[in-house]
Amino acid sequence: MSATAFKNAAKSRRRTHRERHQPHYRRKLGFLEKHKDYVARARDYHRKETQLRTLREKARNRNPDEFYYKMISSQLKDGKHFQPTSNQFTNEELKVLKTQDVSYTTLRRSQESKKIERLQSSLHLLIEHGGSPPNKHTIFVDSKQDMEEFDAARHFDTAPELLPRAYNRPRLKTLRSKAFVNPVDEHAIERAEQAKSTGYEELSQRLNRETKLARIMQEQEMQKHLMVSQTKPQVQIVNLLEEISIWPQYFLP
């Protein structure tokens, strides 16, 4: 018997060590710490000790003449530094920023519209009013009787099961011939249907995104135009008894 096999056999017979739980008469003292709990507590203690040592070293080696401008504007609250925020932009600067936001939203909307057009052309479907229009094939007949007796399967010379298909609709002669073999297997059809459903799902998501971008663009345009009327009126004194407020006139596009 080899030494490795002997060690493995000895391990299999070795008694599993179990740590005891807190005895019933010591329940009042709380939870009895196990070895894994001690390991977690020791690692946390050493991690904090290392962090404190690093902070002490940074404080000891700091430059007393160090200065940067945030020292003036930053404040201390509840022992934490924070930077007070204030609106430092003028009305004209805010108007420029709003114009840039509208330009970016317009760009994103035009990109979404182009992607929607490419998806619609690849799926051979035009979406109108949130739905898909049904396929139409108009056939003209000579009389009302011919219209009532019209048989689409006989007219197209194909099987009735293939009438809903707008493509790859073989004739009866082709179906009866023994040389006819379906060139598409079931796996290819399944993959095509999966790709089709994925394309329609992506198209629906992009349509919703384009609608949201249009609404956001309208709100931004409204905010930009409302900022024009945020000017204080000019007061012109006519006499000592009345005063007239003259507001500046702006012509919106």
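You'll find the structure just up there.
A brief look at the structure comes next. (Residues numbered from 1 in each chain as written. Predicted model: local features only at pLDDT ≥ 70, side-chain atom pairs only at ≥ 80, totals over all residues. Heavy atoms only, no water.)

A few words on the overall build of the protein chain. In terms of helices and strands, the protein chain carries 8 helices and 4 strands. Start at the N end of the protein chain and walk to the C end: the helices and strands fall as α-α-α-β-β-α-α-α-α-α-β-β. Taking all 253 residues of the protein chain together, the buried fraction comes to 11%. Put simply, of all contacts in the protein chain between residues at least 6 apart along the chain, 38% involve residues at least 24 apart. Element-wise, carbon and sulfur atoms account for 54% of the exposed surface of the protein chain, whose accessible area totals about 23600 Å². (Helix = DSSP H or I, 4+ residues; strand = E, 2+ residues; numbered from the N terminus. Buried < 20%, exposed > 50% of the residue type's maximum accessible area, 1.4 Å probe, protein only. Contact = heavy atoms within 4.5 Å. Areas by Shrake-Rupley, 256 points an atom, 1.4 Å probe, with all protein chains shown as cover.)

In this section: the pattern of salt bridges. Under the criterion given, the structure shown has 7 salt bridges. A salt bridge links Glu112 to Arg206, with the nearest nitrogen and oxygen atoms 3.1 Å apart. Of the two residues, Glu112 is situated in helix 4 (residues 91-123) and Arg206 in helix 8 (residues 186-226); the sequence distance between them amounts to 94 residues. Residue Glu112 shares its accessibility class with Arg206, and that shared class is buried. Through salt bridges with shared partners, a single ionic network connects Glu112, Glu202, Arg206 and Arg209. (Salt bridge = Lys/Arg side-chain N within 4 Å of Asp/Glu carboxyl O.)

Take the side chain of Thr105 next. In this structure, Thr105 sits in helix 4. Polar side-chain contacts of Thr105 include one of 2.8 Å to the backbone oxygen of Asp101. Not counting residues up to four positions away in its chain, the partners in contact with Thr105 are Leu213, Ile216, Met217 and Gln220. (Polar contact = N/O pair within 3.5 Å; in protein donor to acceptor, adjacent residues only side chain to side chain.)

Quick look at the packing of aromatic side chains now. Counted according to the given criterion, the structure contains 1 aromatic pair. Here the aromatic rings of Phe67 and Tyr69 are separated by 5.4 Å at their centres, their planes lie at 70 degrees, and the arrangement is edge-to-face. (Phe/Tyr/Trp six-rings, centres within 6.5 Å; stacked < 30°, edge-to-face > 60°.)

So, on to the side chain of Glu210. Tracing the backbone through its elements, the reader meets Glu210 in helix 8. At a separation of 2.9 Å, a polar atom in the side chain of Glu210 contacts the side chain of Arg109. The contact partners of Glu210, leaving out residues within four places of it in the chain, are Arg109, Glu112, Ser113 and Ile116.

Its 41 residues place the ends of helix 8 60 Å apart at the C-alpha level, agreeing with the 60 Å of an ideal helix rising 1.5 Å per residue. Within the sequence span of helix 8, burial applies to Gly199, Leu203, Arg206, Glu210, Leu213, Ala214, Met217, Gln220 and Lys224. Structurally, helix 8 contributes buried residues whose contacts are with helix 4. (Expected span 1.5 Å × (residues − 1).)

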